[in-house]
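The residues making up each chain are set out below.
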Amino acid sequence: MIVFMTMLLVLYAGIPARADERDDALTALVERLENSGHRLVHAAISGDTLHVSAWPSGFGDPYRGMENIVTSAAKCNIPGVNTVSAVHTPWGVPVLRYIGRTGAPFPGGVWDKGSDIQPSGGKQSLWNFLLSVDVPFAASFGALDDPFIFRTGLRPELYWNPLNGIIGFAGMELYAHNEYDPSAWYRPANMGVLYVRSLSDRLSAAATWGAFGIDELWGAQVELDYSIGDSRWSLGMRSGLFGDFWFEDDRFGYDDLEHELALFRLSCADVPLDATVHVQGGRYLYGDYGVEARITRMFRELEIGFTGVISEGEFNGYIHCAVPLFGESGRRIAKDNIGLPSRIRYRYRYNSKTITHDPASLPRGSEPFYIPGWHTVAGSASPSHMRSRSGPGL
Amino acid sequence: MHILNSIYRCAALSVLFFFIYVSLPAGAEAHSTHSLYGYSGVLTIPDACVTDRLLGFHVTYLPDHIAPYRRGVSDNHVYTATLGFLPFAECYFSVYDAVDTEWTGNYGSEKTRSPGVKIRLLSEKRLRPALAVGFFDPDVRDLGGEFSWDTISSTFIVASKSLLSDYATVTFGYGLESERFSGENSRLQGLFGGLVYRLNNHLSVMADNDTEFWSAGLAADLRGFSVTCAVTEGQAVSFRAGYSLILPGSGQ
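All values reported here derive from a predicted model rather than from experimental measurement. (Residues numbered from 1 in each chain as written. Chains lettered and ligands numbered in written order. Predicted model: local features only at pLDDT ≥ 70, side-chain atom pairs only at ≥ 80, totals over all residues.)

Participant: Even after reading the chapter, I still don't get the overall build of chain B, so can you show me in this structure?
Facilitator: Of regular secondary structure, chain B possesses 1 helix and 12 strands. Ordered by position from the N terminus, the helices and strands of chain B form the series α-β-β-β-β-β-β-β-β-β-β-β-β. A total of 252 residues make up chain B; the buried ones form 44% of that total. Looking at chain B alone, contacts between residues at least 24 apart form 50% of all its contacts between residues at least 6 apart. (Helix = DSSP H or I, 4+ residues; strand = E, 2+ residues; numbered from the N terminus. Buried ≥ 20, exposed ≤ 12 C-beta atoms within 10 Å, placed from the backbone. Contact = placed C-beta atoms within 7 Å.)

In structure tokens:
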């Protein structure tokens, strides 16, 4: 009887102490992650699993951000926790999940698509707000009527993330050199709203509304992305309704919404090479129907790809790249809820048509390229890319 | 005496073959060097080497009588980016600038673009050379394209083998002479070949024939920076300078 009473006393005294200890450890973990450059941090414990969701906005590299979460969680040494489930949540949207043992070295766990962020409760950072300042190098090279025309400068852009998954954006191009229109030294870039949601473990959706000065369009588009199996394969759809948009003599101009876009995509990723092949087809921007093949390879965070589009007898080739920026230098700024761009995206077009000298001629196989969408949120945070970074056999 | 000479010859040839045989590296891939055109090769010809994740930027000067674009009219400045995009595929993209010409409009001199891809079919083994095919700037007008008349085209198959414990690389290739896919400024139509001999890790001497001209030159490479100087037919001097790096990432 005495022994039984003693055990009850120990249990009674021990349970609150352990809960307090966990609470303190979660608070310490959230603070640690915030101070190291993560935003939108949320941590909770369910059973023996520590659930953490965060956006490593100060890292510019989701892989390093995830490594920081896992190693920080291990350092907190929370009693009773032996598994970490870390979810990468750019702009508050879960896109990537890592599950591993707390004692095991990173990256010995499993990568998968993100889904629900984590159980309710737990601890989270106070700030659910982030202003991202993007100042990429802007350059355009070549047009249908002149393949060597060129302009370059800077494109300051502001992104505002008032709620999870909702992103407002506005930007402007400032030219240091402009052969398209030598008298113009500035032009509005993209302005609008992007809404992104994970509808399930496999299905993600993104919708964009606004005026897109870089592509000289206004309108709206919807994207769906459905991953299959271990996320190596995916199906995608992009549909939109656009009108022409221009800026001349300091005045905006626009036409009716008369350009319909409806494209369907199948993608397959090769983990050892960190390369992805896309096959896409459907109705392009100017009413033409065509098919395209694209191969993209990641060199760590540098992305380079080649695209060939055949549409109604016209061939267009594209070279595109996304160059990483800033890297670790953004961590200090991220503490003040200000983000820096992680990558510059650029595309060069190689057209098979002769020089028309007609600025009104329409390119075939064309789709808007610079519109913020699913890629703005997900970036390089795909399970295949992370498995490739993790090394062979993972 | 005649028999003795034959024996001496046989012995000398046997020693030579033995020397070449024992010097063959055990399946090592031939070292890639940069041609004057930026892509991997000897001086003016491509080789069968592909280096995965190798990114390079090159600037070349070619005098007018060997320059492919506006030959005999203008020297060429060639700006080239090359990339080992896949373990078996190298891509390049060049802009040829005929600097002594005037273009209508305000764009200075005449220029043309030249993209290409080289695909390695077989990697090098101890006795087997590496084998590759190349599709450099094909004239796609037969496929419905229109913007193709200034192409600096070559469609070829090429083999490369490293010899002498990797100090030398021999390259032979054959370029299709068919007019199909060959544009106005086609090169490498017929049998071409060349030799690279590495004096040390940084310095190589090279010689080749691109079916039109014999060239000989010297290439230096230090910490990714490289320069090539070549003399063609004993008179025309060409230069190339560039920087190459291996991109991080997975693969070979």
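Participant: Would you mind showing me how to read the overall build of chain A here?
Facilitator: Counting its secondary structure elements, chain A contains 5 helices and 22 strands. In chain A, which comprises 394 residues, the proportion classed as buried is 40%. Sequence-distant contacts in chain A: of pairs separated by 6 or more residues, those separated by 24 or more amount to 55%.

Participant: What's the story with the sheet that holds strand S3 (residues 83-88) of chain A in this structure? I'm lost.
Facilitator: By definition, the strands of a sheet pair up through backbone hydrogen bonds, in either a parallel or an antiparallel sense. Residues and elements named next belong to chain A. Strand order in the open sheet formed by 6 strands is S5-S4-S3-S2-S1-S6, and the pairing between neighbours is mixed. Both outer strands of the open sheet, strand S5 (110-113) and strand S6 (123-124), are each paired with one neighbouring strand and no more. In this structure, strand S4 (residues 96-101) lies alongside S5, joined through 4 bridges in antiparallel fashion. Within S5, the position partnered with Tyr 98 by the bridge is Trp 111. Seen against the sheet, helix H5 (residues 383-390) touches S4 and S5 and runs at an angle of roughly 165 degrees to S5. (Pairing = 2+ DSSP bridges. Axes fitted to C-alpha atoms, helices over the stretch in contact; angles between N-to-C directions.)

Participant: How should I be thinking about the environment of A:Ala220 in this particular structure?
Facilitator: Residue and element names in this part refer to chain A. Tracing the backbone shows Ala 220 in strand S14 (residues 217-228). Classification of Ala 220 as partly exposed rests on a count of 16 C-beta atoms within 10 Å. If near-sequence neighbours (up to four positions away) are discounted, Ala 220 is found in contact with Ala 207, Thr 208, Trp 209, Gly 240 and Leu 241.

Participant: Where do I start with the sheet that holds strand S6 (residues 154-163) of chain B in this structure?
Facilitator: Residue and element names in this part refer to chain B. Around the barrel, 12 strands lie side by side as S1-S2-S3-S4-S5-S6-S7-S8-S9-S10-S11-S12; this closed barrel has antiparallel pairing. Here the average twist between neighbouring strands, direction ignored, is 20 degrees. As paired elements, strand S8 (residues 190-198) and strand S9 (residues 203-209) share 6 bridges and run antiparallel to each other. By the bridge assignment for S9, Tyr 197 is matched with Val 205.

Participant: Looking at this model, I keep getting lost on the environment of B:Cys91. Mind explaining?
Facilitator: Residues and elements named next belong to chain B. Inspection of the secondary structure assignment puts Cys 91 in strand S3 (residues 89-98). The partly exposed category is assigned to Cys 91, around which 19 C-beta atoms lie within 10 Å. Spatially, the C-alpha atom of Cys 91 lies 5.7 Å from that of Gly 116, the residues being 25 residues apart in sequence. Setting aside chain neighbours within four positions, we find Cys 91 in contact with Leu 83, Phe 85 and Val 117.

Participant: Any chance you could explain the nonpolar core here in plain terms?
Facilitator: Note that soluble globular proteins tend to have their nonpolar side chains buried in a common cluster. In terms of nonpolar packing, the biggest core is built from 40 residues, with A:Leu50, A:Val52, A:Ile69, A:Ala86 and A:Val377 touching the most fellow members. The residues contacting A:Leu50, other than those within four sequence positions of it, are A:Ala43, A:Ile45, A:Ala73, A:Ile78, A:Val81 and A:Val84. One finds B:Leu36, B:Val50, B:Ile66 and B:Ala219 within the second-largest nonpolar core, a separate group that totals 29 residues. (Core = buried A, V, L, I, M, F, W, Y, C linked by C-beta atoms within 7 Å.)

Participant: Would you mind going over the pairing of strand S10 (residues 157-163) of chain A with me for this structure?
Facilitator: Consecutive side chains along a regular strand alternate between the two faces of the sheet. Residues and elements named next belong to chain A. In the sheet, S10 pairs with strand S11 (residues 166-178) via 5 bridges, with the strands oriented antiparallel. From the neighbouring strand, Trp 160 faces S11, where its bridge partner is Gly 168. Counted along the chain from S10 to the antiparallel partner S11, the turn is 2 residues long, and its residue Gly 165 has a positive phi close to 85 degrees.

Participant: Before we go on, may I ask you to explain helix H2 (residues 62-76) of chain A in this structure?
Facilitator: Three or four residues apart is the spacing at which side chains of an α-helix point the same way, because the helix has 3.6 residues per turn. Residues and elements named next belong to chain A. Compared with an ideal rise of 1.5 Å per residue, which puts 15 residues at 21 Å, H2 spans 21 Å between its outermost C-alpha atoms and is within 8% of the ideal. Burial in H2 covers these residues: Pro 62, Tyr 63, Gly 65, Met 66, Asn 68, Ile 69, Val 70, Ser 72 and Ala 73. Downstream of H2 by a residue or two, Asn 77 has a phi angle that is positive, lying close to 50 degrees. (Expected span 1.5 Å × (residues − 1).)

Participant: Explanation requested: H5(A) in the structure shown.
Facilitator: All names here are of chain A. Here H5 lies mainly inside the structure; 7 of its 8 residues are buried. In this structure, the buried side of H5 is in contact with H2, S4, S5, strand S16 (251-270) and strand S18 (289-299). Following H5 by one or two positions, Gly 391 has its phi on the positive side, about 110 degrees.

Participant: What am I meant to see in unusual backbone geometry here?
Facilitator: In terms of backbone geometry, most residues other than glycine have negative phi values and most peptide bonds are trans. All names here are of chain A. A cis amide bond links Phe 106 with the next residue in sequence, Pro 107, at an omega value of 5 degrees. In the Ramachandran plot, Ser 231 falls in the positive-phi region, its phi being about 75 degrees despite a non-glycine side chain. Here Ser 231 lies in the loop between S14 and strand S15 (233-248).

Participant: Which parts of the structure should I look at to understand the environment of A:Tyr195?
Facilitator: All names here are of chain A. Locating Tyr 195 in the fold gives a position in strand S12 (residues 186-198). The class for Tyr 195 is partly exposed, based on 16 C-beta atoms found within 10 Å. In the structure, Tyr 195 is positioned 25 residues away from Ala 170 in sequence and 15 Å away in space, judged by C-alpha atoms. Those residues in contact with Tyr 195 that sit more than four places away from it in its chain are Gly 165, Ile 166 and Ala 207.

Participant: Please explain the confidence of the model for chain B as it appears in this structure.
Facilitator: Close inspection of predicted coordinates is inappropriate for parts of the model with low pLDDT. Residues and elements named next belong to chain B. The pLDDT averaged across chain B works out to 81; a share of 78% of its residues lies at or above 70. Across residues 15-30 the pLDDT falls below 50, and counting only partners more than four positions away or on other chains, this stretch makes 27 contacts in the model. Interface confidence for the predicted complex, given as ipTM, is 0.77, next to a pTM of 0.81. (pLDDT = per-residue confidence, 0-100.)

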